[in-house]
Amino acid sequence: MAENNWTKFTVTADFNTDPRSVYTAWTTPAGLESWFLRKANFYTITGRLREPQESVLKEDTYEWYWHGFDDSTVEKGSVLEVNSIDFFKFTFSDDNIVSVSLESRNGLTILELTQENIKEEPDPSKNLFVQCQVGWTFYLANLKSILEGGIDLRNKRTDIQSNFK
């Protein structure tokens, strides 16, 4: 029997929309804010703040802010790869690496998200494998809802905080 690998997971989602719309939702500040973040700041290698509709590039750095949390809770990282078509890779949460790949299949856009380099943690309350997998599953469902004309499922109220970002 194979051992569980707690350092990496993959989640998938399908979208009844074109790949470009899904890709833009991941690779522009305005796109990320539409389904994932309260505020997404991306900075060019020279330190210029990217415009809301401007696509991110490799070596950009970011500061991400969450609904339900004040500005003292910020995620910082960098863009590792981006190809302007169907692949986006970035650092996330304690030196993890997240890769987002898209493909068209049977009239749908299929997204595969892999998070790896997760440090093993004996304390379940700090287990990024579980917390991030649950978080990404929720946010991918919200992305699907937003792109397919549904409602925004996020809690945007600062007086009601969730246990995960």
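Everything quoted here is computed from the prediction, not taken from an experiment.

## Re the nonpolar core
Formed by 36 residues in total, the largest nonpolar core has its most connected members in W26, W64, F90 and W136. Counting residues per element, this core draws most heavily on helix α3 (residues 128–147), at seven residues. Apart from the residues lying within four places of it in its own chain, the contact partners of F90 are W26, Y62, W64, S78, V79, L80, N96, I97, V98, V100 and W136.

## Structural notes on the side chain of T27
Relative to the helices and strands, T27 resides in helix α1 (residues 19–27). There is a polar contact of 2.9 Å between the side chain of T27 and the backbone oxygen of Y23. Beyond its immediate stretch of four places on either side in the chain, T27 contacts E54, S55, V56, V82 and F88.

## Quick word on the pattern of salt bridges
Evaluation of the coordinates by the stated rule reveals 12 salt bridges. Each of R48, R50, E54 and D60 takes part in salt bridges that share partners, so that together they form one network.

## Let's talk about the environment of K126
Looking at where K126 falls in the secondary structure, it is placed in the loop between β7 (108–116) and α3. The exposed category is assigned to K126, whose relative accessible area is 53%. K126 sits 18 residues away from L108 along the chain, and the two C-alpha atoms are 35 Å apart. With residues near it in sequence (within four places) discarded, K126 still touches E121 and Q131.

## Observations concerning the packing of α1 against α3
Packed helices, taken two at a time, are described by their axes: the angle between them and the distance between them. Running from N to C, α1 and α3 cross one another at 125°; their axes reach a closest spacing of 11 Å. Between α1 and α3, the interaxial angle falls into the category oblique. Judged by the twist between their axes, the crossing of α1 over α3 is right-handed. Contacts between α1 and α3 involve S21, V22, A25 and W26 from the former and W136, L140, L143 and L147 from the latter.

## As for the sheet that holds strand β6 (residues 96–105)
Paired through their backbone hydrogen bonds, the strands of a sheet run either parallel or antiparallel. Pairing within the open sheet is antiparallel, and its seven strands lie in the order β1-β7-β6-β5-β4-β3-β2. Each of the sheet's edge strands pairs with one partner strand only, and the pair in question is β1 (8–15) and β2 (39–43). Pairs of neighbouring strands in the sheet enclose a mean axial angle of 25°, with direction left out of account. Where β1 lies against β7, eight bridges are found, and the strand directions are antiparallel. When the bridges of β7 are listed, A13 appears paired with L111. Strands β1, β5 (87–92), β6 and β7 of the sheet are contacted by α3, whose axis makes an angle of about 10° with β1.

Analysis parameters
Residues numbered from 1 in each chain as written. Predicted model: local features only at pLDDT ≥ 70, side-chain atom pairs only at ≥ 80, totals over all residues. Heavy atoms only, no water. Core = buried A, V, L, I, M, F, W, Y, C linked by side-chain atoms within 4.5 Å. Buried < 20%, exposed > 50% of the residue type's maximum accessible area, 1.4 Å probe, protein only. Helix = DSSP H or I, 4+ residues; strand = E, 2+ residues; numbered from the N terminus. Contact = heavy atoms within 4.5 Å. Polar contact = N/O pair within 3.5 Å; in protein donor to acceptor, adjacent residues only side chain to side chain. Salt bridge = Lys/Arg side-chain N within 4 Å of Asp/Glu carboxyl O. Axes fitted to C-alpha atoms, helices over the stretch in contact; angles between N-to-C directions. Parallel < 35°, antiparallel > 145°, perpendicular 65-115°, else oblique. Left-handed = near helix turned anticlockwise from the far one by under 90°. Pairing = 2+ DSSP bridges.

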